[in-house]
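Each chain, letter by letter, is given below.
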Amino acid sequence: MKRLFAGATDTGCVRSANQDSYYIDPNGRFFVVADGMGGHAGGEIASKIAVDAIRACLEALWEIEEDTQTLMQEAIFKANQEIIRDQSANPVRSDMGTTIVVLVFRNEQPWFCHIGDSRLYRLRGAKLEQISDDHTWIARAIQTGVVNPEDAKTHPWRHMLLQCLGREDVKSITAQELEWQPGDRFLICSDGLTEELSDDRITHHLKSIRNCQQAAQALIESAKLRGGRDNITVVIVSNELTPNG
């Protein structure tokens, strides 16, 4: 088996700046996607601070911290502290924040944690499964029966986050161990992808295009063809039997 991976990001068709950030460890140890928000370029800065802080923390503690959940928690808390520190130094960016998804492989075992509505999916065979839960008002409203899934697609509060980095109330982060089989593919993405593409369309691209870089670009181009109203970031990680990526 061989782990193959690639990522790409695009401003989209409407926004003038890209507030998404992502990082792929060259050795395939970890993958990070962040989708920032906040005026005065705050979102762009928040997502970059988060990705840089998480990368630095994971690299520094990778061989030191034995427990993977603790390692990931340390990285997330460090990113949150760095964003809050920048907010304090630059009041014009006091409202900035970012979502985050972190996928880590240690001893070939994948783990993930996240905050916000950027997502982690797993494709197994023909089935696409959303692994992460959206930390949004609309997701909670669907869960409690306040809003039905069809109305949620156009609800004016569908982007309202209940959690994000850049807030003092980020106190508890849970890292989750994931099942990982030959042939599986992980997709990490910002909501600029999922706002435009259905699960069926995402599945089609992930299944039909085996090359990770080409699949990532195809997903982005497909989202842009359907409006591209937000920044779009895609990272794909494949568990291949042979290096045919």
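Here, the structure is the one placed above.
Residues numbered from 1 in each chain as written. Predicted model: local features only at pLDDT ≥ 70, side-chain atom pairs only at ≥ 80, totals over all residues. Heavy atoms only, no water.

Colleague: Before we go on, may I ask you to explain the sheet that holds strand 7 (residues 119-124) in this structure?
Modeller: Within a sheet, each strand pairs with its neighbour through backbone hydrogen bonds, oriented either parallel or antiparallel. The strand order across the open sheet built from 5 strands is 1-11-10-7-8, with neighbouring strands paired in antiparallel fashion. With one partner strand each, in any of the chains shown, strand 1 (2-10) and strand 8 (127-130) form the two edges of the open sheet. When strand polarity is set aside, the average angle formed by the axes of neighbouring strands in this sheet is 15°. Its contacts with the sheet put helix 7 (residues 212-225) on strand 1, strand 10 (185-189) and strand 11 (232-240), and the angle it makes with strand 1 is roughly 30°. (Pairing = 2+ DSSP bridges. Helix = DSSP H or I, 4+ residues; strand = E, 2+ residues; numbered from the N terminus. Axes fitted to C-alpha atoms, helices over the stretch in contact; angles between N-to-C directions. Contact = heavy atoms within 4.5 Å.)

Colleague: Before we go on, may I ask you to explain the pairing of strand 6 (residues 109-115) in this structure?
Modeller: Where a strand is regular, its side chains alternate between the two sheet faces. A large share of strand 6 lies buried, amounting to 6 of its 7 residues. Looking at chain direction, strand 5 (residues 100-106) and strand 6 are connected through 7 bridges and run antiparallel. From the neighbouring strand, F105 faces strand 6, where its bridge partner is P110. The antiparallel hairpin formed by strand 5 and strand 6 contains 2 residues in its connecting segment, where N107 sits at a positive phi of about 55°. Pairing analysis gives 2 bridges linking strand 6 to strand 9 (residues 176-177), with the strands arranged antiparallel. Across the sheet, the residue bridging to W111 is E177, located in strand 9. (Buried < 20%, exposed > 50% of the residue type's maximum accessible area, 1.4 Å probe, protein only.)

Colleague: Is there a simple way to think about the side chain of S47 in this case?
Modeller: Turning to its location among the elements, S47 is positioned in helix 1 (residues 42-61). Polar contacts involving the side chain of S47 include one to the main-chain carbonyl oxygen of Q19, which spans 2.8 Å. Beyond its immediate chain neighbours, meaning those up to four positions away, S47 contacts Q19, D20, S21, A34, D35, G36 and T98. (Polar contact = N/O pair within 3.5 Å; in protein donor to acceptor, adjacent residues only side chain to side chain.)

Colleague: Can you help me understand the packing of aromatic side chains in this one?
Modeller: Aromatic ring pairs are reported here in terms of the distance separating the ring centres and the angle at which the planes meet. Considering all chains together, one arrives at 7 aromatic pairs under this definition. Consider the rings of F30 and W62, whose centres lie 6.0 Å apart with planes at 40°: the pair is tilted. Of this pair, F30 sits in strand 3 (residues 30-37) while W62 sits in the loop between helix 1 and helix 2 (68-89), and the two are 32 residues apart along the sequence. Classification of F30 as buried rests on a relative accessible area of 0%. For W62, a relative accessible area of 9% translates into the label buried. Ring geometry for W180 versus F186: centroids 4.6 Å apart, planes at 10°, classification stacked. A connected cluster of aromatic rings, assembled from ring pairs, spans F5, F31, F105, W180 and F186. When the ring centre of W62 is taken as reference, the NZ or CZ atom of R29 above it lies at 5.1 Å. (Phe/Tyr/Trp six-rings, centres within 6.5 Å; stacked < 30°, edge-to-face > 60°. Lys NZ or Arg CZ within 6 Å of the ring centre and 35° of its normal.)

Colleague: Honestly, the pattern of salt bridges in this entry has me stumped. Any pointers?
Modeller: Opposite charge on two side chains allows them to pair when their charged atoms are near. As enumerated under the stated definition, the model contains 16 salt bridges in all. Measuring nitrogen to oxygen at the nearest pair gives 3.0 Å for the salt bridge that ties R29 to D25. Judged by relative accessible area, which is 22%, R29 ranks as partly exposed. Residue D25 is classed as buried on the basis of its relative accessible area, which comes to 2%. Salt bridges linked by common partners bring D10, E221 and K224 together as one network. (Salt bridge = Lys/Arg side-chain N within 4 Å of Asp/Glu carboxyl O.)

Colleague: Sorry, what's going on with the environment of Q176 here?
Modeller: Looking at the secondary structure, you find Q176 in strand 9. Accessibility expressed as a relative area gives 38% for Q176, which makes it partly exposed. Q176 sits 31 residues away from K207 along the chain, and the two C-alpha atoms are 25 Å apart. Sequence-distant contacts of Q176, defined by excluding residues within four places in its chain, comprise P110, W111 and F112.

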